[in-house]
Amino acid sequence: MREQPCPLLSVAPRRGMLDDGLDVHVQYLLPGLPVTLHALIHSEDDDFWEAFGHYVSDASGVVHVSEDACLGGSYSGVEPAGLLWSMRPIAGSRTGLRFRKIDTCTPIEVHISVYDGHLNEGFQKKSSLASVVVQRWYMASGIQKVDVREKGLKGTLFIPPGPGPFPAVLDLWGGGGGLVEYRSALLASKGYVSLTLEYIGLVNADGKPYNVGSDYFEAAFTVLKQHPKVCPERVAMMGLSFGASVTLGMAAYSSVIKVDQPKCVICINGSHIMPVNGSLSDVFDAIKKNVKNTRYDEEQRIIWRDLLLPVPEDPLKKVDMGCITCPVLLIVGEDDQNWPAKESAEDIKKMMKRAGNSHLLTVLSYPGAGHLIEPPYSPHVRASNFILQETKEKVVVLWGGQTKPHCLAQEDSWHKTLAFLEQHLYSNTAVVSRASL
Amino acid sequence: MLLVIPRTLKTSRFSPFRLLSTVVRACPLLSIKPTRGLVDEKLQIVVRNLRPKQDVTLHSVHQSEDKDFWEAFGHYVSDGNGTVTVAKDASLSGTYVGVEAMGLMWSLRPVPGSRTGLRFRKKDVLSPLVFHISVHDGHVSQGFTQLTPLESLVIERWYMAPGVRRFDIRERGVRGTLFIPPGPGPFPGVLDMWGGGGGLVEYRAALLASHGFASMALEYLTPGELKKLKADVNYFETAYQILQNHDMVRRDRLALCGLSFGGCITLSMIVYSKIIQPQCCVCISGSHIPVIKKSLDETFEDIRKHINKIRIENNQHIWRDITLPVPTDPTLKVDVARVTCPVLLVVGGDDQNLPTLEASEDIQHIMEKAGNHHLLQVLIYPGAGHLIEPPYSPHHRATNFIVQEGKDKILLLWGGQAKPHADAQEDSWEKLLAFLQQHLYHATPQAEL
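On a predicted model such as this, the values are computed, not experimentally measured, just so you know.

With respect to the pairing of strand E24 (residues 409–413) of chain B
Bridging between strand E20 (residues 316–318) of chain B and E24(B) involves two bridges; their strand directions are parallel. Each bridged residue has a counterpart across the sheet, and for His317(B) the counterpart in E24(B) is Leu412(B).

So this is what it looks like as C-alpha cells:
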C-alpha cells in the first residue's frame, strides 16, 4: 500500500526583514521526486506576483534551495532567494506593473508552496503538497513613524527605538514622485533616523502644482539635524535617480548645507548633469529642451537616457564635483536606460581627479543592472508604467537591466551602502576638523 | 561618552578662514537578529562601536500579561574593536555567566520588588512576547529603569508562526484548542496535555503547529478544582478521536505529548486504551505511577492517601515522595511491558515534584525484561527540574500553586538550577521535534512493530 506523501516544508525566517536572506527546505519527499517550489504575493494593488523553480529531491527525499540547483523556472542554478527576487506578475496580469509597498507598517506576505512535478503555470488551480506563509517586513519592531508637515515639507520620519541620538539620513526618490517610505523604514530598522521626502508633483493651497526650490531640501535637512533624536553632525543624504541629482547639487551648493555638509552622500543611478545652482524648474526645463533625444525600443518603451547626453564640457551645465568635501558613494547600473548613470559616473570621476578630491569617491558599477536599484530581493522590472507629471499622460518607461545581474546588484549595493553609512556615521572617529572658506 | 573640544575661530585679514572642530559622541550600534522570531529561535546580539575594553551591561526586560516585569542582564567587556558578540563573548556576571547566546531570555526573573512565586506563562498566543533589549554603560546590576541606556531595541518572540490557524474545540464535552499549520494538509497530529495545575495551556501546541504538527491543547482539569474532576478515560479517548477524525489531521500519524500529570495520562492511555493507539508519544517529567484506568477523581483519591509523605522545607512543598518508593506491585503502576509504540521520556534529574528519575529507571527495567525496550528513549538532564518548558523560557525553582478551589495557595518546589535547566529545555525540545518528525513525518510506511 503506497502511503499518501507527507512532506515537510520549512522556510526561514518566518518573519524576516526585507533584506534577510531566505532558507527553503523540503523534507520527507520520495527520493528523486521532481517538484516545483513556488512563491506568491498578493500585492496591495490586488495584483499577483509569482516565482517558481524546478528541483529534484535527493536520495533522502530532501530539497535544499540554498544548496541544490534549480533546473528551470523564473530562475535557475543555486539561488537561495531566487523565489523572492525572480518574482514577476502572473500570466494575465495588467501590464507595466512595478512592485511597491505603500503601507510600511504591515509586512509583505509570501506564500511558499511545493508542488508535485515540474509545473510552469496553473499553480492556482493545482493543490500543493505543502505550503507556508512567511512575512517580510520593512519596519522593525519599535520603530516610530511620524508625518512631517512643518515648514511646507511633505515627508515621513522613521525613528529607531531607544534613547538616541542617532545618525540620520535624508532619503530621496526619483522623478516618479510620490511619498515613498519603504527604504526609509528599512534604514530606521538599521539604526538611522530617516526622513523621506515628497518633492515632485506637489500642489499648493490653491491646488496649483509648483516646483520646489533648493530651500525645500535645506529645510528638510535642517529639520533632520535639529530633531532631538538626531546627532546633528552625523546626517547623510541618499538619493535614487532624480533624487541623486538633487543630492549632488545640495552637497555642492546649498549655502546652508555648505557650512554643515552631509557627512556623506549616496547616489543611486543619478547624474551630476544639471544647470549649476538651478532650481528643480531649471532642471526640468533643461531636460525638456532635449526631449528630441527620446528614443524607443522595439516595444515602443521610452528610453530617456539620452536627454542628458552628451556629457557637457561646459562646467555651468553640471554640478561642480570639485566642491564636494564629503565621501560620495555612487551606485551605477550599467544597463540603465533611463538615466545616463554610467557616463555621469565616468565624468564625475574625471572631475574629482582634476580637483584633487577623488579620494572621497567610491563607485560601484554593476554590469547588467538597470535603473531601479531597490532594496534586496525586490523583483526586477525592465520597464513599467509611468505617469508624466505635467500632462498626466501614462507611458511605459524602459528602466533596463537583466533580472539576475540586477538582483545581484540590489543585494550587493545594499550591503555596501549599509557598510558605507556605518563607516561614516556610526564609527568612532576622533576630532573631525574642516576648513571652510 | 562626550568628547568636547573647544571651538576656535581664527580670522586673518587676508583670507577669512575658519577652523571648526566638531563635537563627536560615541555612537554604539546594537543589532539583533531575528527581530521577530519564534520562541525557540536563537538570537544573534551584537554591539559595535563601543570603546575598546569598555564595560557594558546587556539588559532585557519584558512586561508580562499579568503586568509583572521580568528582567535579565549580563556584564561584558568589549574587545579591541569595541565589539561585544553575545554568542561568542563571556558574560562576567549578572543573571547568567559565560558564553550564553540566549542568557538574556532564559535567565529572566521577576524584577526586585515583584510579587513572589511568579511563573512565566503566556496565555494569548496570538500576540508575541515583547522584549526591550538595551546596552548600558558600565556593569549595572539594578535600577535599570532610572538609567538611560546607550542603545535599545525592541524584539518580538512568537509561539505561532504566520499562517498557523487556531480553533476552539468545544464538542462532546471536550475542551481544547486546536492549532493547524499553514498549508493544504492533512498533517500529523499531536494531543498535548499539561499537568495537575490545570487550565487550557496553549503555547506548546501553538509552537508544535509552527513546526508542522496539527496540535490540540487539551484541558482536563480546571485550576484549583481537584475535587470536582469529571475527566476520565472516556474524556481522553473522545479528545483523541476528535483530533483523529479532523479533516486536517492524518489519522494514521498521531502522537501524545504530556508533561507532569499529562505524562502520566499519556503512559496510561497508550497501554490501557484500545482507542488511543498513537504512532509515538512523549512524556516530559511524567511517571508510570499512578495508573489512570478509571476517573481522575478516583486516581487523585488514591494519591491523597499518601499526603503524609509531603515534605515542607523553607515553606516550599515537596511532592516527589508521594509516589515513592516505586511499588513492586505491578498493579500499582502502568504496565509498560505492554507498550507498542516508541516512547520518549524526558527527565529532570533534580525534579522535586514527581520522582521521574526513579520512575524512568523502573520503566527501563520493566521494558528490558519484557523485550520492548528498543521502543524507549530516555533523556536525563542532571540539574534540571520538573517544569521542562519550551526553550529559553525562564526557569522556576518554586512557584505559587493553587491546590483547592483558590483556598489553598502554596509554594510548590519544582527543582532544578537555572543553567542546567535551560540547557535541558533547549536540548530536549530539539530532540522532541526530531522524535516527532521521525515517527510522524517519515516518507515511507513504518515497519510493523
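Quick notes on the pattern of salt bridges
Residue and element names in this part refer to chain B. Within the structure shown, the criterion is met by 39 salt bridges over all chains. Across the pair glutamate 426 and lysine 42 runs a salt bridge, and its minimum N-O distance is 3.0 Å. Taken together, the positions of glutamate 426 in helix H7 (residues 418–440) and lysine 42 in the loop between strand E5 (36–38) and strand E6 (44–48) put the pair 384 residues apart, joining distant regions of the chain. On the accessibility criterion, glutamate 426 (25% relative accessible area) is partly exposed.

Structural notes on the domain arrangement of chain B
All names here are of chain B. Structurally, chain B comprises domain 1 (27–158) and domain 2 (165–442). Put simply, the middle of domain 1 and the middle of domain 2, counted by C-alpha atoms, are 32 Å apart. Counting from both sides, the interface comprises 23 residues of domain 1 and, opposite them, 29 residues of domain 2. Regarding the contact of domain 1 and domain 2, the summed buried area is about 1900 Å², with carbon and sulfur atoms giving 61% of it. When residues of domain 1 are sorted by the area they lose upon contact with domain 2, Asp40, Trp106 and Arg119 head the list and together hold 34% of the total. Put simply, domain 1 and domain 2 have three salt bridges between them. Among the salt bridges present, the one from arginine 119 reaches glutamate 389, with a minimum N-O distance of 3.1 Å. Where the side of domain 1 that touches domain 2 is concerned, the elements lending two or more residues are helix H1 (103–106) and strand E12 (151–158).

Quick notes on the nonpolar core
Judged by nonpolar contacts, the single largest core of 137 residues is most densely connected at Leu37(A), Ile112(A), Tyr199(A) and Phe217(A). A total of eight residues in this core trace back to one element, the largest contributor, which is helix H8 (residues 403–426) of chain A. Among residues more than four places away in sequence, those in contact with Tyr199(A) are Leu172(A), Trp173(A), Gly174(A), Val212(A), Tyr216(A), Phe217(A), Phe242(A), Gly243(A), Val246(A) and Leu280(A). Core analysis: the next-biggest nonpolar cluster, separate from the first, contains 132 residues, Ala72(B), Leu218(B), Leu256(B) and Leu259(B) among them.

Concerning the confidence of the model for chain B
Overall, the predicted model of chain B reaches an average pLDDT of 91, with 91% of residues at or above 70. Here residues 1–24 of chain B is modelled with pLDDT under 50, and outside its nearest four sequence neighbours on either side it reaches 36 contacts, counting other chains as well.

Notes on unusual backbone geometry
In this structure, Pro310(A) follows Leu309(A) across a cis peptide bond, with omega equal to -5°. Of note, Pro310(A) is situated in the loop between strand E17 (302–303) and strand E18 (328–333). The omega angle of the peptide bond from Leu324(B) to Pro325(B) is -5°, so this bond is cis rather than trans. Mapping Pro325(B) onto the fold places it in the loop between E20 and strand E21 (343–348). One non-glycine residue, Ser241(A), lies in the positive phi region at around 60°. Tracing the sequence through the fold places Ser241(A) in the loop between strand E14 (230–240) and helix H4 (242–253). With relative accessibility at 6%, the residue Ser241(A) sits in the buried group. One non-glycine residue with positive phi stands out, namely Lys392(A), at about 60°. Here Lys392(A) falls in the exposed class, since its relative accessible area comes to 55%.

Section: the sheet that holds strand E3 (residues 23–27) of chain A
Residue and element names in this part refer to chain A. The three strands are arranged E1-E3-E6 in an open sheet whose pairing can be described as antiparallel. Taken across any chain shown, the strands that pair with only one partner, and hence form the sheet edges, are strand E1 (8–12) and strand E6 (63–64). Relative to E3, E1 is paired through five bridges, and the arrangement is antiparallel. Looking at the pairing, alanine 12 lines up with aspartate 23 of E3.

Digging into the sheet that holds strand E16 (residues 214–219) of chain B
All names here are of chain B. Sheet architecture is open: eight strands sit in the order E13-E14-E16-E15-E17-E18-E21-E22, paired in mixed fashion. With one partner strand each, in any of the chains shown, strand E13 (165–171) and strand E22 (376–381) form the two edges of the open sheet. Between one strand axis and the next, the sheet turns by 20° as a mean value, whatever way the strands run. Here strand E15 (residues 187–193) runs beside strand E17 (residues 249–259); their pairing, made up of six bridges, is parallel. Looking at E17, one finds that phenylalanine 187 is bridged to valine 249. Docked against the sheet, H7 engages E15, E17, strand E18 (280–284), E21 and E22, running at close to 165° with respect to E18.

Let's talk about H4(A)
All names here are of chain A. Compared with the 16 Å implied by 1.5 Å per residue over 12 residues, the 17 Å span of H4 between its first and last C-alpha is a close match. Burial runs high along H4: 11 of the 12 residues are buried. Of the positions making up H4, those classed as buried are Phe242, Gly243, Ala244, Ser245, Val246, Thr247, Leu248, Gly249, Met250, Ala251 and Ala252.

A word on the packing of aromatic side chains
All names here are of chain B. Applying the stated criterion across every chain, the model contains 27 aromatic pairs over all chains. Ring geometry for phenylalanine 213 and tyrosine 441: centres 5.6 Å apart, planes at 70°, overall edge-to-face. Separated by 228 residues along the polypeptide, phenylalanine 213 in the loop between helix H2 (203–210) and E16 and tyrosine 441 in the segment after H7 bring together distant segments of the chain. This pair shows no difference in class: phenylalanine 213 is buried, exactly as tyrosine 441 is. Here the aromatic cluster, defined as three or more aromatic residues joined through ring pairs, consists of Tyr220, Tyr235, Phe236, Phe261 and Phe300. One residue, arginine 204, lies across the ring of tryptophan 194, its end atom 4.2 Å from the ring centre.

Structural notes on the side chain of Asp306(A)
Mapped onto the secondary structure, Asp306(A) falls in the loop between E17 and E18. Not counting residues up to four positions away in its chain, the partners in contact with Asp306(A) are Asn293(A) and Arg295(A).

Digging into the pairing of strand E15 (residues 265–268) of chain A
Residues and elements named next belong to chain A. Residues Val265 and Cys267 point to one face of E15 and Ile266 and Ile268 to the other, with burial holding for every one of them. Summarising the sheet, E14 and E15 pair through four bridges and their orientation is parallel. Within E15, the position partnered with leucine 240 by the bridge is isoleucine 268. Bridge count for E15 against E18 is four bridges, and the pairing is parallel. Residue pairing across strands places cysteine 267 opposite leucine 330, the latter belonging to E18.

What counts and how
Residues numbered from 1 in each chain as written. Chains lettered and ligands numbered in written order. Predicted model: local features only at pLDDT ≥ 70, side-chain atom pairs only at ≥ 80, totals over all residues. Heavy atoms only, no water. Pairing = 2+ DSSP bridges. Helix = DSSP H or I, 4+ residues; strand = E, 2+ residues; numbered from the N terminus. Salt bridge = Lys/Arg side-chain N within 4 Å of Asp/Glu carboxyl O. Buried < 20%, exposed > 50% of the residue type's maximum accessible area, 1.4 Å probe, protein only. Domains from an automatic or database assignment. Contact = heavy atoms within 4.5 Å. Buried area = accessible area lost by both parts, 1.4 Å probe. Core = buried A, V, L, I, M, F, W, Y, C linked by side-chain atoms within 4.5 Å. pLDDT = per-residue confidence, 0-100. Axes fitted to C-alpha atoms, helices over the stretch in contact; angles between N-to-C directions. Expected span 1.5 Å × (residues − 1). Phe/Tyr/Trp six-rings, centres within 6.5 Å; stacked < 30°, edge-to-face > 60°. Lys NZ or Arg CZ within 6 Å of the ring centre and 35° of its normal.

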